[in-house]
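# An overview of the molecular structure
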Protein chains: 2
Amino acid sequence: MKLYGYWRSSASFRVRLALYLKKLPFDYQPVHLVKDGGEQHTPEYKKLNPASLVPTFVDDDVTLNQSLAIIEYLDERYAQRPLLPSDPVDRAKARALAYDLACELQPITNLRVLQYLTGTLNCSDEQRNDWIHHWVHTAFTAFEQRLTETAGEYCYGDSVTLADICLLPQVYNAQRFKVPLDDYPTLTAVNDRLQQLQAVQQARPENQPDAQ
Amino acid sequence: MKLYGYWRSSASFRVRLALYLKKLPFDYQPVHLVKDGGEQHTPEYKKLNPASLVPTFVDDDVTLNQSLAIIEYLDERYAQRPLLPSDPVDRAKARALAYDLACELQPITNLRVLQYLTGTLNCSDEQRNDWIHHWVHTAFTAFEQRLTETAGEYCYGDSVTLADICLLPQVYNAQRFKVPLDDYPTLTAVNDRLQQLQAVQQARPENQPDAQ
């Protein structure tokens, strides 16, 4: 298995988490999103991923994009250490938590959107940071309230699920942009427990070979 | 079953499509997102959905949010007319197409983001429209290229899948904001075929009781 990713990309971080949690060995192929205009835009990479996004995942003759689709594939194909509960209602609730972050927060604060704000719309650094803080607080306020109903040791009960895989990169980003997290005690407690897992340490951005 | 939604919401449209495609009867409860500051912000609705987003879906004692989680639940729970292929690789590829739109396009162009652009960032109507056109073209360019490899009658082969459910609302929105679609012949041909299905007509925004 081969994962094309970037150390700081949330979506790459998610797939690394799934692979390490499931103890699936893989080769990591860095794709630098910023250097020389971004390696994701080269013709070679666009053959793998026409959207010029990371990650791309290759398992023998199967090439997949979209982190959540890759993780669902891994979970269906490799049964060890499931990342979703077995009951349909529990699965739906764990998935909904994941999408609360993967669909409502990450896309609005990712690199290319921030580049459009500062480039095309001439936003100041302060306006860009306000944008990030606004969407983090909007998403985390609702997420904290949901967690008071769903969380055990982790986001959904006492097993690590897709919801935790989506939470970790968003907390990493929030901390990177200095968003205060004092109003989210359940969320930060779950994040702290997740940090104690070896798989999470292995997957963290700063522990990747392309980290700067 | 009860669906709380709004006629023009992409995510509500997706769940209506899944319900009509699977021929599952449901009550539709409109939540007006604009009138009087938005019914999604009322204390009653926030009890159902603390994120103040539509849709919310209720099946007996189960309350679910997030359209994609609801649709996966419906597909797991009600076997008729499956919305994902059975093979794990095919499922992953159909899901990836769905997320290409649900995670890369819809969140960036939804109502609350547009309101932030024109409200907080004081963008002009022209800048707001440029924003919409830019992200539609970015997403549709990559999606068109993917479809040339995956499409049959519909986005992934010859059965209607989650990918089509995510495509329909994005084409509706693109047309609403007058984005030219001439460069996407495969995408528009799939969309045209989908329009011929009774379930799609039943689910379309303008055919809902709260349409204006």
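Residues numbered from 1 in each chain as written. Chains lettered and ligands numbered in written order. Predicted model: local features only at pLDDT ≥ 70, side-chain atom pairs only at ≥ 80, totals over all residues. Heavy atoms only, no water.

Under an unreviewed UniProt entry, the name given to chain A is Maleylacetoacetate isomerase, and the source organism is Idiomarina aquatica. If you open the UniProt record of chain A and go to Sequence similarities (unreviewed entry), you find "Belongs to the GST superfamily. Zeta family." (UniProt positions renumbered as here; feature names shortened; annotations may be inferred.)

### What about the pattern of salt bridges?
Taken as a whole and assessed by the stated rule, the structure comprises 18 salt bridges over all chains. Between Arg95 of chain A and Glu76 of chain B there is a salt bridge; the shortest N-O distance is 3.1 Å. Residue Arg95 of chain A is located in helix α4 (residues 88-102), and its partner Glu76 of chain B is located in helix α3 (residues 67-77); the two belong to separate chains. One salt bridge in this structure joins Arg204 of chain A and Glu206 of chain A, with 2.7 Å as the shortest N-O distance. Residue classification places Glu206 of chain A among the partly exposed positions, given a relative accessible area of 39%. Connected via shared salt-bridge partners are Glu72, Glu76, Arg91 and Arg95 of chain A together with Glu72, Glu76, Arg91 and Arg95 of chain B. (Salt bridge = Lys/Arg side-chain N within 4 Å of Asp/Glu carboxyl O. Helix = DSSP H or I, 4+ residues; strand = E, 2+ residues; numbered from the N terminus. Buried < 20%, exposed > 50% of the residue type's maximum accessible area, 1.4 Å probe, protein only.)

### Notes on the environment of Cys103 of chain B
Locating Cys103 of chain B in the fold gives a position in the loop between α4 (88-102) and α5 (111-118). Cys103 of chain B gets classed as buried once you look at its relative accessible area, which sits at 5%. In contact with Cys103 of chain B, not counting residues within four places along its chain, are Gln66, Leu68, Ala102, Cys103 and Pro107 of chain A. (Contact = heavy atoms within 4.5 Å.)

### Focus: empty space enclosed by the protein
Residues and elements named next belong to chain B. This structure, assessed with the given rule, holds one cavity of 30 Å³ or more. There is about 80 Å³ of room inside the largest cavity. When residues in the lining of the largest cavity are grouped by element, the largest group, five residues, is from helix α6 (residues 125-150). Class assignment of the residues belonging to the lining of the largest cavity gives a composition of five nonpolar, one polar and four charged. (1 Å grid on protein atoms, 1.4 Å probe; cavity = no way out; pocket = protein on both sides within 12 Å on 5 of 7 lines; lining within 4 Å. Points joined across faces, edges and corners; volume = space filled by probe spheres on them. Nonpolar A, V, L, I, M, F, W, Y, C, P; charged D, E, K, R; others polar.)

### Thoughts on the sheet that holds strand β4 (residues 62-65) of chain B
Residues and elements named next belong to chain B. An order of β2-β1-β3-β4 is seen for the four strands of this open sheet, with the pairing classed as mixed. Edge positions in the sheet fall to β2 (27-30) and β4, since each has one partner strand and no second. Each neighbouring strand pair of the sheet contributes to a mean axis angle of 20°, computed without reference to strand direction. The pairing of strand β1 (residues 2-5) with β2 spans four bridges and is classified as parallel. Its bridge partner being in β2, Lys2 is matched across the sheet by Asp27. The sheet contacts of helix α1 (residues 10-21) involve β1, β2 and β3 (56-59), and relative to β1 the element is tilted by about 155°. (Pairing = 2+ DSSP bridges. Axes fitted to C-alpha atoms, helices over the stretch in contact; angles between N-to-C directions.)

### Here's the deal with unusual backbone geometry
Backbone torsion omega between Val54 of chain A and Pro55 of chain A reads 0°, so that peptide bond is classified as cis. Non-glycine residue Asp36 of chain B carries a positive phi angle of around 55°. With respect to the helices and strands, Asp36 of chain B occurs in the loop between β2 and α2 (43-48). The backbone of Asp60 of chain B shows a phi angle near 55°, a positive value even though the residue is not glycine. With respect to the helices and strands, the residue Asp60 of chain B is situated in the loop between β3 and β4. Take Asp60 of chain B: its relative accessible area is 72%, and that puts it in the exposed class.

### Quick notes on the interface of chain A and chain B
Tallying the contact residues gives 45 residues for chain A and 45 residues for chain B. Contact with chain B buries area across many residues of chain A, yet Gln66, Tyr116 and Arg146 of chain A alone supply 14% of it, more than any other trio. At the boundary of chain A with chain B, the tally comes to eight salt bridges. Between Glu72 of chain A and Arg95 of chain B there is a salt bridge, and its shortest N-O distance comes to 3.6 Å. For the pair chain A and chain B, the number of links is 14 residue pairs in polar contact (both at pLDDT 80 or more). Elements with a minimum of two residues in the side of chain A that touches chain B: β4 (62-65), α3 (67-77), α4, α5 (111-118) and α6 (125-150) of chain A. Looking at which element gives the most residues to the side of chain A that touches chain B, the answer is α4 of chain A, with 10 residues. Classifying every residue of the side of chain A that touches chain B gives 25 nonpolar, nine polar and 11 charged. (Buried area = accessible area lost by both parts, 1.4 Å probe. Polar contact = N/O pair within 3.5 Å; in protein donor to acceptor, adjacent residues only side chain to side chain.)

### What about the UniProt feature "domain: GST N-terminal" (unreviewed entry) in chain A?
Following the UniProt record, one finds the feature "domain: GST N-terminal" (unreviewed entry) at residues 1-82 of chain A. End-to-end, the C-alpha atoms of residues 1-82 of chain A are 18 Å apart, and along that stretch the chain is 35% helix and 20% strand.

### Let's talk about the pairing of β1 of chain B
Within a regular beta strand, the side chains point alternately toward one face of the sheet and then the other, so they alternate between its two faces. All names here are of chain B. The parallel pair β1 and β2, bridged by α1, forms a crossover whose chirality is right-handed. Of the strand pairs in this sheet, β1 and β3 are connected by three bridges, and their pairing is antiparallel. Bridge pairing in β3 places Lys2 opposite Val58. (Right-handed = clockwise from strand over helix to strand, strands pointing away.)

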